[in-house]
Amino acid sequence: MVNTKELRGIFAKNGVSQSDVAKMLGITPKTFYIRMRRGVFGSDEIQKMIDEYKIEDPMAVFFCPKSNL
């Protein structure tokens, strides 16, 4: 499960909206919102976000146990 609160904080820190991130990933904002709600992204999308936003601890963001959300 993705720690969506942490991920939203990373986007805010980088000054980008979720729509901006969707565009960078090459998906529609609606698809992005659905993936955020479900807490699941593809490995290629995860890698793009790690690289683009310099996510230092991707395990804590993208592979968070459900009990920590």
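These lines cover the structure that appears in this document, whether it is placed above or below. Since the model is a prediction, treat every value here as computed from it, not as a measurement.

### Things to note about the nonpolar core
Item 1. Residues Leu7, Phe32, Phe41, Met49, Ile55 and Phe62 are the most contacted members of the largest nonpolar core, which totals 18 residues.
Item 2. For this core, the secondary structure elements donating two or more residues are α1 (4-13), α2 (18-25), α3 (29-38), α4 (43-53) and α5 (58-62).
Item 3. For Phe41, the contacting residues outside a window of four places in its chain are Val2, Leu7, Phe32, Arg35, Met36, Ile46 and Met49.

### Re the environment of Glu6
Item 1. Checked against the element boundaries, Glu6 lands in helix α1.
Item 2. Residue Glu6 is classed as partly exposed on the basis of its relative accessible area, which comes to 41%.
Item 3. Residues Glu6 and Phe32, 26 residues apart in the sequence, show an inter-C-alpha distance of 16 Å.

### Some words on the packing of aromatic side chains
Item 1. Enumeration according to the criterion identifies four aromatic pairs in this entry.
Item 2. Aromatic side chains Phe11 and Phe32 sit 6.1 Å apart centroid to centroid with 50° between the ring planes, which places their arrangement in the tilted category. In this pair, Phe11 sits in helix α1 while Phe32 sits in helix α3, placing the two residues 21 residues apart along the sequence.
Item 3. A relative accessible area of 2% means that Phe11 is categorised as buried.
Item 4. The exposure class assigned to Phe32 is buried, which follows from its relative accessible area of 0%.
Item 5. Seen in terms of ring centroids, Phe32 and Phe41 are 5.5 Å apart; in terms of plane orientation they differ by 45°. Their pairing is tilted. Comparing Phe32 with Phe41 shows no difference in burial state: the two are buried.
Item 6. Pairwise contacts between aromatic rings join Phe11, Phe32, Tyr33, Phe41 and Tyr53 into one cluster.

The rules we used
- Residues numbered from 1 in each chain as written.
- Predicted model: local features only at pLDDT ≥ 70, side-chain atom pairs only at ≥ 80, totals over all residues.
- Heavy atoms only, no water.
- Core = buried A, V, L, I, M, F, W, Y, C linked by side-chain atoms within 4.5 Å.
- Buried < 20%, exposed > 50% of the residue type's maximum accessible area, 1.4 Å probe, protein only.
- Helix = DSSP H or I, 4+ residues; strand = E, 2+ residues; numbered from the N terminus.
- Contact = heavy atoms within 4.5 Å.
- Phe/Tyr/Trp six-rings, centres within 6.5 Å; stacked < 30°, edge-to-face > 60°.

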